[in-house]
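# Analysis of the macromolecular model
Each chain is listed here by its residues.
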Amino acid sequence: MIDDAVSRRVFLAASTTALASAWLAADAHDLRASLAHAVRAARSCDPLPWESLAPEQAADLGAIAAQIFPTDETPGAREAHVINFLDHSLATWAAPQREDLLRGLDELNADAARRWPGASRFALLAPKRQLELLHARDQTPFFQQMRFATLVGMFSLPAYGGNAEKVGWKLIGFEDRYAWQPPFGDYDAEAAKDGH
Amino acid sequence: MRAVRAAVRFRPDTTVDFVVVGSGASGGIVAKQLATAGLSVVVLEQGPRIEPEQFEHDEIKTLFQATLQNPPAGFTFRRTESDPARPGQIQLLYHRLVGGGSVMFTANYWRFREVDFVERSRLGAVSGTGLVDWPIRYRDLERYYTKAEWELGVSGVPGPFDPPRSRPYPLPPLPVKSSGVLFERGARALGLHPQPAPLCILSQPFHGRPACQHCGYCLGFGCEFRAKSSTLYTVIPMAEATGRCEVRPNCYVRKIEVDDRGRATGATYFDENKQEHFQPARAVVLCCNGAETPRLLLLSTSNRFPNGLANSSGLVGKYLMFNGYSTSSGVFERPLNEYKSVMATRVLYDFYESDPRRGFYGGGALDARAFVYPTMFALAGLPQDAPSWGAEYKHMLRDYYTRTMNVDGHSTSLPLETNTISLDPDLKDAWGLPAMRVTYKDHSDDLAMMRFLQDKAIEVLEAAGASRTWRQPVQETTLAAHLLGTCRMGDDPRTSVVDRHHRAHDVRNLFICDGSSLVTGGRGQPTATIQALAYRAGEHIVEFARKGKI
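Residues numbered from 1 in each chain as written. Chains lettered and ligands numbered in written order. Predicted model: local features only at pLDDT ≥ 70, side-chain atom pairs only at ≥ 80, totals over all residues.

## Let's talk about the overall build of chain A
The helix and strand inventory of chain A stands at ten helices and zero strands. Its helices and strands in sequence order give chain A the pattern α-α-α-α-α-α-α-α-α-α, from N to C terminus. Residue burial in chain A is summarised as follows: out of 196 residues, 48% are buried. Within chain A, counting contacts between residues at least 6 apart in sequence, those at least 24 apart form 68% of the total. (Helix = DSSP H or I, 4+ residues; strand = E, 2+ residues; numbered from the N terminus. Buried ≥ 20, exposed ≤ 12 C-beta atoms within 10 Å, placed from the backbone. Contact = placed C-beta atoms within 7 Å.)

## Let's talk about the overall build of chain B
Of the regular secondary structure elements, chain B holds 13 helices and 19 strands. Principal axes of the C-alpha set define a box for chain B whose edges measure 70 × 50 × 50 Å. By the burial criterion, 60% of the 550 residues in chain B qualify as buried. By sequence separation, contacts in chain B at least 24 residues apart represent 74% of the contacts at least 6 residues apart.

## Focus: the sheet that holds strand E13 (residues 364-369) of chain B
Residue and element names in this part refer to chain B. With antiparallel pairing, the six strands of this open sheet are ordered in space as E6-E12-E13-E14-E11-E17. Every other strand in the sheet has two partners, leaving strand E6 (194-196) and strand E17 (468-472) as the edge strands with one partner each. On average, each strand axis in the sheet is tilted by 25° relative to the strand beside it, whichever way the strands run. In terms of strand pairing, E6 meets strand E12 (residues 344-348) through three bridges, oriented antiparallel. Within the sheet, the bridge partner assigned to Gln195 lies in E12 and is Val347. Of the strands in this sheet, E6, E12, E13 and strand E14 (404-411) are in contact with helix H7 (residues 178-189), which crosses E12 at around 15°. (Pairing = 2+ DSSP bridges. Axes fitted to C-alpha atoms, helices over the stretch in contact; angles between N-to-C directions.)

## Side note on H7 of chain B
Here H7 of chain B contains twelve residues, and its C-alpha end-to-end distance of 17 Å stays within 8% of the 16 Å for a straight helix at 1.5 Å per residue. Among the twelve residues in H7 of chain B, nine count as buried, and that is most of the element. The set of residues buried in H7 of chain B consists of Ser178, Ser179, Gly180, Val181, Leu182, Phe183, Glu184, Gly186 and Ala187 of chain B. Residues of H7 of chain B that are buried in the fold lie against helix H10 (186-193) of chain A together with E6, E12, E13, E14 and helix H12 (444-463) of chain B. Gly191 of chain B occupies a position one or two residues after H7 of chain B and carries a positive phi of about 80°. (Expected span 1.5 Å × (residues − 1).)

## What to know about the packing of helix H6 (residues 138-153) of chain B against helix H13 (residues 527-546) of chain B
What describes two packed helices is the angle between their axes and the distance between those same axes. Residue and element names in this part refer to chain B. Two elements in contact, H6 and H13, have axes separated by 8 Å at closest approach and are oriented at 105°. The angle between H6 and H13 falls in the class roughly perpendicular. The segment H6 lies against H13, with Leu141, Tyr144, Tyr145, Lys147 and Ala148 engaging Ala528, Gln531, Ala532, Tyr535 and Arg536. The class makeup of the residues in the contact of H6 with H13 is seven nonpolar, one polar and two charged. (Parallel < 35°, antiparallel > 145°, perpendicular 65-115°, else oblique. Nonpolar A, V, L, I, M, F, W, Y, C, P; charged D, E, K, R; others polar.)

## Notes on the confidence of the model for chain B
On average, chain B scores 95 in pLDDT, and the residues at 70 or more come to 97%. Interface confidence for the predicted complex, given as ipTM, is 0.94, next to a pTM of 0.93. (pLDDT = per-residue confidence, 0-100.)

## What about the packing of helix H4 (residues 55-68) of chain A against helix H8 (residues 141-155) of chain A?
Residues and elements named next belong to chain A. Running from N to C, H4 and H8 cross one another at 75°; their axes reach a closest spacing of 10 Å. It follows that H4 is roughly perpendicular to H8 by the angle criterion. Of the residues in H8, those touching H4 at Ile64, Ala65 and Ile68 are Met146, Arg147 and Thr150. Residue composition of the contact of H4 with H8, by class: four nonpolar, one polar and one charged.

## Notes on the confidence of the model for chain A
Per-residue confidence for chain A gives a mean pLDDT of 81, with 74% of residues at or over 70. Looking at the elements of chain A, mean pLDDT is at its lowest for helix H2 (residues 18-25) of chain A, recorded as 39, and at its highest for helix H9 (residues 167-172) of chain A, recorded as 98.

## Brief notes about unusual backbone geometry
Cis geometry marks the peptide bond from Pro182 of chain A to Pro183 of chain A, where omega comes out at 0°. Inspection of the secondary structure puts Pro183 of chain A in the loop between H9 and H10. Phi is positive for Arg226 of chain B, close to 65°, though the residue is something other than glycine. By secondary structure assignment, the location of Arg226 of chain B is in the loop between E6 and helix H8 (235-241). Phi at Ser341 of chain B takes a positive value of approximately 70°, unusual for a residue other than glycine.

## Brief notes about the environment of Arg546 of chain B
With respect to the helices and strands, Arg546 of chain B occurs in helix H13. Judged by C-beta crowding, with 12 C-beta atoms within 10 Å, Arg546 of chain B ranks as exposed.

## Some points on the sheet that holds strand E3 (residues 75-78) of chain B
All names here are of chain B. Across the sheet, which stays open at both edges, the four strands sit in the order E4-E3-E16-E15 with mixed pairing between neighbours. Of all the strands in the sheet, just strand E4 (86-87) and strand E15 (420-428) have a single pairing partner and so form its edges. Pairing geometry for E15 and strand E16 (residues 434-439), over five bridges, is antiparallel. In the sheet register, Ile421 faces E16, and the bridge partner there is Val438.

## Quick notes on the pairing of strand E9 (residues 264-270) of chain B
Residue and element names in this part refer to chain B. Across the seven residues of E9, five count as buried, placing the element largely inside the fold. In terms of strand pairing, strand E8 (residues 252-258) meets E9 through six bridges, oriented antiparallel. If you follow Tyr252 over to E9, its bridge partner there is Phe270. In this antiparallel pair of consecutive strands, E8 and E9, the connection spans five residues, and Gly262 shows a positive phi of 85°. One ladder, built from five bridges, connects E9 with strand E10 (residues 276-286); its direction is antiparallel. Directly across from Phe270, in E10, lies its bridge partner Glu276. Between the end of E9 and the start of E10, which pair antiparallel, lie five residues, with Lys274 showing a positive phi angle near 60°.

## Quick look at the pairing of strand E2 (residues 41-44) of chain B
Residue and element names in this part refer to chain B. Side chains of E2 alternate between two faces, with Val41 and Val43 and Val42 and Leu44 buried alike. Pairing geometry for strand E1 (residues 16-21) and E2, over four bridges, is parallel. In the strand pairing of E2, Val20 is matched with Val43. In this fold, E1 hands off to helix H1 (residues 27-36), which returns the chain to E2; that crossover is right-handed. Bridge count between E2 and strand E7 (residues 245-248): four bridges; the pairing is parallel. Directly across from Val43, in E7, lies its bridge partner Val247. (Right-handed = clockwise from strand over helix to strand, strands pointing away.)

## Observations regarding the environment of Glu132 of chain A
On the secondary structure map, Glu132 of chain A appears in helix H7 (residues 127-136). Counting along the chain gives 30 residues from Glu132 of chain A to Gly162 of chain A, while the straight-line C-alpha distance between them is 27 Å.

Written out as structure tokens, the structure is:
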């Protein structure tokens with residue numbers, strides 16, 4: 001009996017991609033345990049070895065995440081360690097998704113080679129070409145999987161390995177205090193002042 | 001009211017007075033009513049028992065993983081009987097844990113009104129639908145709404161269109177949020193009548209529980225402060241404190257058994273290790289929700305009841321209603337910070353009654369809503385035509401997150417005999433039982449009402465000064481959180497499943513009380529009515545038990 005409109009959107013948002021299906025199916029305990037690894041990786045000075053990805057695959061997927069949520073004057077997917085989160089997820093609870101995701105990456109790289117003879121890997125393309133390629137392919141299931149994973153890695157609890165140092169939350173103005181007193185925002189503050 | 005959990009554990013072969021199936025919004029109340037009247041009760045709950053301190057603000061676990069929800073692949077869906085039923089086409093959203101949906105719900109707590117019980121006689125027939133009057137009236141239920149509000153703890157203040165009440169709310173409304181202030185501003189400019197939203201959440205300490213801490217995680221999350229007045233930390237501890245009620249978690253009931261006289265004898269269930277047990281009882285109460293209750297009845301076939309238990313009318317599982325909804329958003333100049341505090345603080349009921357001038361049946365209400373869990377907002381909070389990734393998307397997300405609010409519409413669903421819960425002939429669940437099959441097509445009037453309210457929502461947002469507004473397109477239902485109408489109440493055994501006291505017409509010692517009992521679905525927030533019915537049913541069942549009429 002959880003209520004209506006928002007939850008419908010929540011579910012629709014979560015269920016639009018294949019990766020989301022894996023999230024829905026994965027066992028909570030498994031997920032927790034697996035993501036502890038990403039936390040260690042995020043804290044470690046020396047990067048841990050990749051678990052599910054070849055280094056060049058990790059570089060490509062990391063570069064895609066960095067285009068989906070770029071670093072500008074504020075932190076993006078790189079600073080949030082989205083790729084560590086994704087690597088370990090694919091090694092464990094999201095393992096059934098790994099093959100599809102890597103096939104999607106291969107297709108993306110093949111497309112790059114067709115467009116620009118000599119180009120071999122996404123990560124090595126000039127940023128302008130990376131964007132061109134992603135825009136051309138942003139309706140593919142592969143891209144939607146990557147968008148889902150990137151945004152979840154940016155904004156979920158840091159305990160899952162992404163959102164390192166809460167960079168995602170700080171960016172949008174969410175504060176994880178979980179206990180507040182009014183006023184909550186400008187308009188109710190103003191109303192209270194006016195003796196609302 | 002945080003009772004020490006009583007140690008009563010019935011021996012497995014003990015015949016108790018009542019077995020109650022389901023511990024949610026209605027089951028918790030029925031169990032408490034029975035146990036406090038001196039009757040012995042075993043409550044069988046599908047899910048685990050989670051204590052408040054175990055609840056977390058974890059979007060991944062709670063919203064994506066949804067380990068406490070029913071598995072989305074566990075049933076099939078089709079729009080009409082002539083379509084093939086496929087898994088995963090719709091999501092029925094309900095929760096399996098002690099306290100059920102009352103733990104996770106948003107806590108909107110709207111009473112039904114006089115009109116909800118007599119709409120058929122007020123409006124006349126709506127062709128092709130099963131719209132009928134209830135066998136009871138608002139006045140029959142009023143004191144049970146009051147009982148629920150005072151025993152559970154509800155915050156609010158009556159507005160201009162509220163139905164009559166015998167007592168004020170026990171607690172004042174929660175503090176208004178910026179969305180509520182803006183909603184009021186916009187609605188008043190349009191000549192409408194916004195009012196504080198009634199919520200099953202404590203605005204002040206009550207019965208030993210603390211007031212809401214405004215953490216912002218109501219919808220889909222359990223309240224670690226115990227400020228949301230779930231049955232888990234209100235009536236269930238009261239039931240357990242009697243020493244006559246055992247709440248048994250992780251028990252999945254597969255059949256209500258009957259003897260050769262056609263009387264219910266108890267429930268056969270699987271424990272968490274899928275071991276089968278039988279709990280004998282003198283009477284049975286089903287409180288499993290509007291989807292699981294009809295399924296259990298249909299699973300409970302026997303020589304005497306070959307079409308399912310209590311189904312001589314053939315109506316078990318039929319007249320399924322979900323409630324309509326629509327959602328619209330607006331962005332404002334300065335921060336609202338909707339991620340803080342409860343989901344809705346203002347509501348308006350100006351469009352509650354069906355109005356023939358609109359050209360279609362239906363009624364509903366609008367409320368000012370938050371949609372702000374960070375991951376969810378990032379995935380789906382921006383306008384549909386906005387960039388969905390890249391630098392522009394990121395910029396817009398930063399810009400909109402603290403400044404956006406929603407106005408949502410909540411509305412009627414017409415009861416249609418063709419909208420049903422039935423058993424899938426092929427798919428099996430994880431226990432090898434026939435999976436649930438959902439057949440549901442929205443009535444065109446229900447969709448028209450959703451669109452009508454969405455238009456009004458946009459007007460309110462614009463009148464409030466939104467710099468930009470946008471809509472989630474109204475479409476046929478793909479996710480349902482309100483599960484209503486599938487064992488409808490009525491006086492005639494040929495056209496209803498339970499009588500006005502929630503007794504199954506066909507089985508004297510079987511009672512059914514949850515969303516399935518509703519004859520009409522109200523305007524979008526059924527929990528207060530489900531719980532008022534549960535108090536009323538509990539009182540009647542106790543009376544019957546005392547008089548030997550079970």
